[in-house]
Amino acid sequence: MNNGMKIGILTAGGDCPGINAAIRGVGKTAIVKYGMHLVGISDGFTGLIHKEYTELTERDLSGILTVGGTILGTSREKPFKEARKKKNEIRKPDLIREHYEQMGLDCLVCIGGNGTLKTANLLSQEGLNVIGIPKTIDNDVWGTDMTFGFDSAVNIAAEAIDRLHSTANSHKRIMIIEVMGHHAGWIALYAGIAGGGDVILIPEIPYKEEKIAEYLMHRVEQNKPYSIVVVAEGIKNPGKERSVAQYISNRIYEMTNLETRETVLGYIQRGGSPSPMDRVLATRYGTAAADLIADHDFGKMVSLKNNKIIAVPLKEIAGKLRLVDPEDPMVLHSINMGNCFGS
Ligand code: F6P
């Protein structure tokens with residue numbers, strides 16, 4: 001089939017494992033199944049503002065499935081959030097529309113997290129044909145059961161926690177590990193459970209320092225002299241310490257006199273090759289996005305619901321965050337098993 005459509009594709013916001021798998025899923029389906037043309041836009045919305053792009057052939061999509069990061073580059077450019085404009089300066093969304101038309105695009109695929117999908121929705125309201133694909137290690141995109149990138153990040157964080165167990169045990173220390181998640185505690189929750197963390201602190205459940213201290217002392221009394229404390233980076237940090245791991249570590253030591261050490265996992269969680277589950281999810285999202293384009297079903301985000309890929313309107317999900325419900329069965333089961341959430 002050769003339907004002649006020309007698709008622009010961009011990746012915006014923080015990178016994560018699986019983006020290239022999604023680009024490949026969109027591109028191969030668009031080219032092989034529908035005979036469409038694909039244009040890769042550089043560095044997120046910045047590339048559309050400056051008209052920086054390259055034509056992508058099917059050949060260009062070979063060998064990228066397992067590669068981390070994004071072959072297109074990314075940026076945190078938010079075209080609708082403009083600093084003060086100079087006189088006679090064109091609005092960035094207007095520039096984007098102008099370039100979209102000049103490039104002869106029939107559709108724009110935006111691969112990104114909450115910020116990107118919000119912009120995607122606004123561009124769609126400005127009349128562009130837009131499709132969103134949800135990605136982020138934080139797993140906090142509203143309207144989908146899972147974003148790709150999350151599984152890889154949980155694998156990395158769980159492995160790090162596994163490694164902390166043996167050294168914590170040898171030295172009888174309290175190990176505090178900080179994982180990503182600014183607003184949502186999904187990585188801390190999943191990696192904490194997968195790695196057998198004792199204390200799990202997430203932004204959605206306010207913690208009390210005394211509860212954590214009491215819990216750790218109780219473990220010592222039970223002849224469990226070491227513990228693992230998993231904290232999401234977004235939990236409250238009322239101290240002067242640069243990381244919440246450092247803050248929690250200092251407070252635990254002050255309150256219990258137990259020896260503590262902290263690890264901040266950082267960008268290791270976002271780098272490297274995607275897990276097989278993320279490769280599959282990103283590929284499913286990508287192929288579904290190409291099918292939506294062929295159907296001219298725009299203004300949608302591909303989403304995973306009960307293990308089926310569906311499409312949800314961008315306007316329904318834009319601006320919302322999917323947070324951990326403090327009553328989530330995973331939280332409750334974890335508490336029932338004796339874990340502490342500091343509440
Ligand atoms: O991708 C999501 C995320 O990893 C957050 O958890 C983190 O706070 C943020 O990105 C940091 O990203 P950057 O330093 O690239 O802005």
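Residues numbered from 1 in each chain as written. Predicted model: local features only at pLDDT ≥ 70, side-chain atom pairs only at ≥ 80, totals over all residues. Heavy atoms only, no water.

Q: Any chance you could break down the overall build of the chain for me, citing the residues and the numbers?
A: In terms of regular secondary structure, the chain is built from 11 helices and 11 strands. Computed over C-alpha atoms, the radius of gyration of the chain comes to 22 Å, within 12% of the 20 Å expected from 2.2 N^0.38 for 343 residues, which places it in the range of a compact globule. Dimensions of the chain along its principal axes, counting C-alpha atoms only, are 70 × 45 × 30 Å. Taken across its 343 residues, the chain has 53% of its residues classed as buried. Looking at the chain alone, contacts between residues at least 24 apart form 74% of all its contacts between residues at least 6 apart. (Helix = DSSP H or I, 4+ residues; strand = E, 2+ residues; numbered from the N terminus. Rg over C-alpha atoms; globule rule 2.2 N^0.38 Å. Buried < 20%, exposed > 50% of the residue type's maximum accessible area, 1.4 Å probe, protein only. Contact = heavy atoms within 4.5 Å.)

Q: Hey, could you go over the nonpolar core for me, with residue numbers and the actual values?
A: In terms of nonpolar packing, the biggest core is built from 83 residues, with V109, F148 and I248 touching the most fellow members. With nine residues, helix α9 (residues 276-294) is the largest single contributor of residues to this core. In this structure, this core is formed jointly by two domains, domain 1 (6-149 + 274-317) and domain 2 (151-270), each of which donates at least three residues. The contact partners of I248, leaving out residues within four places of it in the chain, are I176, L201, Y207, V229, V231 and I235. L10, L95, L117 and V312 belong to the second largest nonpolar core, which has 24 residues in total. (Core = buried A, V, L, I, M, F, W, Y, C linked by side-chain atoms within 4.5 Å. Domains from an automatic or database assignment.)

Q: Outline the environment of S124, listing residues and values.
A: Here S124 is to be found in helix α4 (residues 114-125). Distance from S124 to K300, taken between C-alpha atoms, is 9.1 Å for residues 176 residues apart in sequence. Residues in contact with S124, not counting those within four places in the same chain, are V130, G299 and L314.

Q: So what about the packing of helix α5 (residues 150-171) against helix α6 (residues 186-194)? Which residues, and what values?
A: α6 packs onto α5 with a crossing angle of 50° between their chain directions and a minimal axis gap of 8 Å. On the basis of the axis angle, α5 is oblique to α6. As α5 packs across α6, the resulting crossing turns out to be right-handed. Only W186, I187, Y190, A191, G192 and A194 of α6 make contact with α5, whose side of the interface consists of F150, A153, V154, A157, A158 and I161. (Axes fitted to C-alpha atoms, helices over the stretch in contact; angles between N-to-C directions. Parallel < 35°, antiparallel > 145°, perpendicular 65-115°, else oblique. Left-handed = near helix turned anticlockwise from the far one by under 90°.)

Q: Explain the sheet that holds strand β2 (residues 37-41) residue by residue, including any values.
A: The strand order β3-β2-β1-β4-β5-β10-β11 describes an open sheet built from seven strands, whose pairing is mixed. On the outer flanks of this sheet lie β3 (53-56) and β11 (308-313), each paired with one strand and no other. Strand-to-strand twist of the sheet, defined as the mean angle between neighbouring strand axes without regard to direction, takes the value 30°. With two bridges joining them, strand β5 (residues 130-134) and strand β10 (residues 300-305) adopt parallel strand pairing. Opposite I131, over in β10, you have K300 as the bridge partner. Helix α1 (residues 19-33) contacts β1 (6-11), β2, β3, β4 (107-112) and β5 of the sheet and is inclined by roughly 180° relative to β1. (Pairing = 2+ DSSP bridges.)

Q: I'd like a description of the domain arrangement of the chain, backed by residues and values.
A: In terms of domain boundaries, the chain breaks down into domain 1 (6-149 + 274-317) and domain 2 (151-270). Computed over C-alpha atoms, the centres of domain 1 and domain 2 are 35 Å apart. Across the contact, 14 residues belong to domain 1 and 12 residues belong to domain 2. Carbon and sulfur atoms supply 51% of the area buried between domain 1 and domain 2, which totals about 1100 Å² over both sides. (Buried area = accessible area lost by both parts, 1.4 Å probe.)

Q: Residues and numbers for the site of the ligand, please.
A: R76, I137, D138, M180, G181, H182, E233, Y267 and R270 make up every residue found near the ligand. Between an oxygen atom of the ligand and a main-chain N or O atom of G181, the distance comes to 3.3 Å. The fraction of the free accessible surface of the ligand (400 Å²) that becomes covered by protein chains is 74%. If you map the ligand onto the pockets, it falls in the largest pocket. Two domains each provide a minimum of three residues to the shell around the ligand, namely domain 1 (6-149 + 274-317) and domain 2 (151-270). (Near = heavy atom within 4 Å. Polar contact = N/O pair within 3.5 Å; in protein donor to acceptor, adjacent residues only side chain to side chain. Areas by Shrake-Rupley, 256 points an atom, 1.4 Å probe, with all protein chains shown as cover. 1 Å grid on protein atoms, 1.4 Å probe; cavity = no way out; pocket = protein on both sides within 12 Å on 5 of 7 lines; lining within 4 Å. Sits in = over half its atoms within 2 Å of the grid points.)

Q: Can you lay out the state of the cysteines for me, pointing to particular residues and giving the numbers?
A: The term disulfide refers to a covalent linkage connecting the sulfur atoms of a pair of cysteines. This structure, assessed with the given rule, holds zero disulfides. The cysteine C16 is free of any disulfide, with C110 supplying the nearest cysteine sulfur at 15 Å. With relative accessibility at 0%, the residue C16 sits in the buried group. Cysteine C110 is unpaired, with the sulfur of C107 as its nearest cysteine sulfur at 8.4 Å. (Disulfide = S-S within 2.5 Å.)

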